[in-house]
Amino acid sequence: CTRCKNEEDSGLTSRRTYEMEHWGEVYNKKWASSVTQPDGTIETPVHYLDLRFGNLCNLACRMCGPTDSHTWYKDYVKLYGNRYKDTHGTVELEKNAKGRWFTNDYDWHNSEKFWEYLETNLENIQHVYMAGGEPLMIERHYDFLNKCIDTGNSKNILLEYNTNVTNIPNRVLDQWAEFKQVLIGASVDGMGDVLEYQRYPAKWTAIENNLQKIDQLPKNISAWLSFTVTSINVFHVPDFMLWKTQQGFKKINSSKKKPLITHHVAHRPYHMNVQVLPDELKKQITDKYHKAVEQFDSELQKPAGVVLDSISNYMNKASLYKDHWHDFVSNTVKLDKLRKQNITDIVPQYKEYINDKNL
């Protein structure tokens with residue numbers, strides 16, 4: 001609750017606001033009373049599925065970790081060892097026959113009983129939200145889509161994805177055409193070297209090509225750029241927004257309500273939160289944002305200002321500097337050495353703040 005309130009006070013769109021926009025008119029007090037029995041029993045079929053497909057993912061993003069992506073395992077073990085805590089307890093990574101680190105803690109989506117249960121309720125499903133990991137890597141999900149199509153229920157179902165759009169198989173394009181609506185939240189929070197650094201080991205050219213592909217899809221499909229603002233790409237936000245305005249996208253953040261990007265801030269790990277930055281850097285960012293608005297066409301200056309003001313307001317609202325800036329420096333330097341990258345190539349403004357002497 002505090003997270004949503006802080007975001008809303010800064011002008012950001014919180015998860016609470018997002019859900020209210022989608023469901024507020026339907027699932028209100030009147031509806032709740034109509035389906036609740038005198039003894040408190042709720043009798044209503046499941047209309048909405050929120051599926052988080054474990055941690056199977058082809059990227060090892062800087063703001064993520066082994067709980068979010070199995071591609072993180074190798075680096076995590078080198079940095080911190082083969083154990084870590086998750087919400088369900090301590091996870092211990094082991095080596096398989098091929099010498100790769102693994103755990104079975106996140107493979108629940110391979111359970112056939114789980115999918116069978118979902119498929120018995122197809123006639124009632126209205127909206128399916130899928131995230132990961134990377135949902136387009138989940139093989140069984142394609143069978144689920146086929147089941148929706150074969151039963152004729154796909155015409156009544158809205159699919160929503162949170163995907164890194166590094167790979168969009170042709171088979172899913174044919175499947176999406178059979179659904180009532182498909183919404184694609186493309187996790188793209190930078191361009192060029194910035195994107196490749198934050199969402200390692202993604203390739204910008206592949207993502208750019210896939211965005212162009214999405215923009216040519218049928219009219220039942222729409223998309224937005226889901227931009228995660230972090231202590232890595234915060235300087236880059238206005239540059240990316242300007243790039244977006246030059247693409248001529250027809251269906252990616254092309255509405256009057258969301259003409260530029262759909263942004264949110266990274267809250268954890270704490271050292272990825274923009275509030276960790278030293279005051280001098282925050283001032284540089286705030287000044288850059290104020291000047292950047294003038295670079296947009298007149299009709300986009302106001303929405304650009306709304307986006308940039310919401311980020312700077314949140315960034316300047318509080319300070320995590322004393323507790324977590326050292327963590328940012330330490331984690332960044334260590335991971336740079338493993339991945340043969342350098343944060344100062346991406347954010348030259350950090351040059352005097354990040355080096356081995358600061359550890």
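What you see is a predicted model, and the numbers here were worked out from it, not measured in a lab.

Parameters and conventions
Residues numbered from 1 in each chain as written. Predicted model: local features only at pLDDT ≥ 70, side-chain atom pairs only at ≥ 80, totals over all residues. Heavy atoms only, no water. Phe/Tyr/Trp six-rings, centres within 6.5 Å; stacked < 30°, edge-to-face > 60°. Helix = DSSP H or I, 4+ residues; strand = E, 2+ residues; numbered from the N terminus. Buried < 20%, exposed > 50% of the residue type's maximum accessible area, 1.4 Å probe, protein only. Lys NZ or Arg CZ within 6 Å of the ring centre and 35° of its normal. Pairing = 2+ DSSP bridges. Right-handed = clockwise from strand over helix to strand, strands pointing away. Axes fitted to C-alpha atoms, helices over the stretch in contact; angles between N-to-C directions.

A. Spatial organisation of the packing of aromatic side chains. Under the definition given, this model contains 18 aromatic pairs. Each ring, one from Tyr76 and one from Tyr80, has its centre 4.9 Å from the other, and the planes form 50 degrees; the classification is tilted. Taken together, the positions of Tyr76 and Tyr80, both in helix α4 (residues 73–80) and four residues apart, correspond to about one turn of that helix. When its relative accessible area of 16% is taken as the criterion, Tyr76 is described as buried. Look at Tyr76 and Tyr84: their rings are 5.5 Å apart centre to centre, the planes differ by 70 degrees, and that puts the pair in the edge-to-face class. Residue classification places Tyr84 among the buried positions, given a relative accessible area of 5%. Put simply, the rings of Phe53, Trp108, Phe114, Trp115 and Phe144 touch in pairs and so form one group of aromatic residues. The ring centre of Tyr142 lies 3.8 Å from the NZ or CZ of Arg171, which sits over that ring. One residue, Arg339, lies across the ring of Trp72, its end atom 4.9 Å from the ring centre.

B. Here's a closer look at the pairing of strand β8 (residues 181–186). With five of its six residues buried, β8 lies for the most part within the structure. In the sheet, strand β7 (residues 158–163) pairs with β8 via six bridges, with the strands oriented parallel. Residue pairing for β8: Asn162 is matched across the bridge by Gly185. Tracing the backbone out of β7, into helix α7 (residues 170–176) and back to the parallel element β8 gives a crossover that is right-handed. Pairing of β8 with strand β9 (residues 221–229) involves five bridges; the strand directions are parallel. In the sheet register, Val182 faces β9, and the bridge partner there is Ile221.

C. Seen up close, the sheet that holds strand β10 (residues 262–265). Spatial ordering of the open sheet is given by β1-β6-β7-β8-β9-β10, a layout of six strands whose pairing is parallel. Bordering the open sheet on either side are β1 (48–52) and β10, each of which pairs with just one other strand. When the angles between neighbouring strand axes are averaged without regard to direction, this sheet yields 15 degrees. Examined bridge by bridge, strand β6 (residues 127–131) and β7 share four bridges and lie parallel to one another. Paired with Tyr129 across the bridge in β7 is Glu160.

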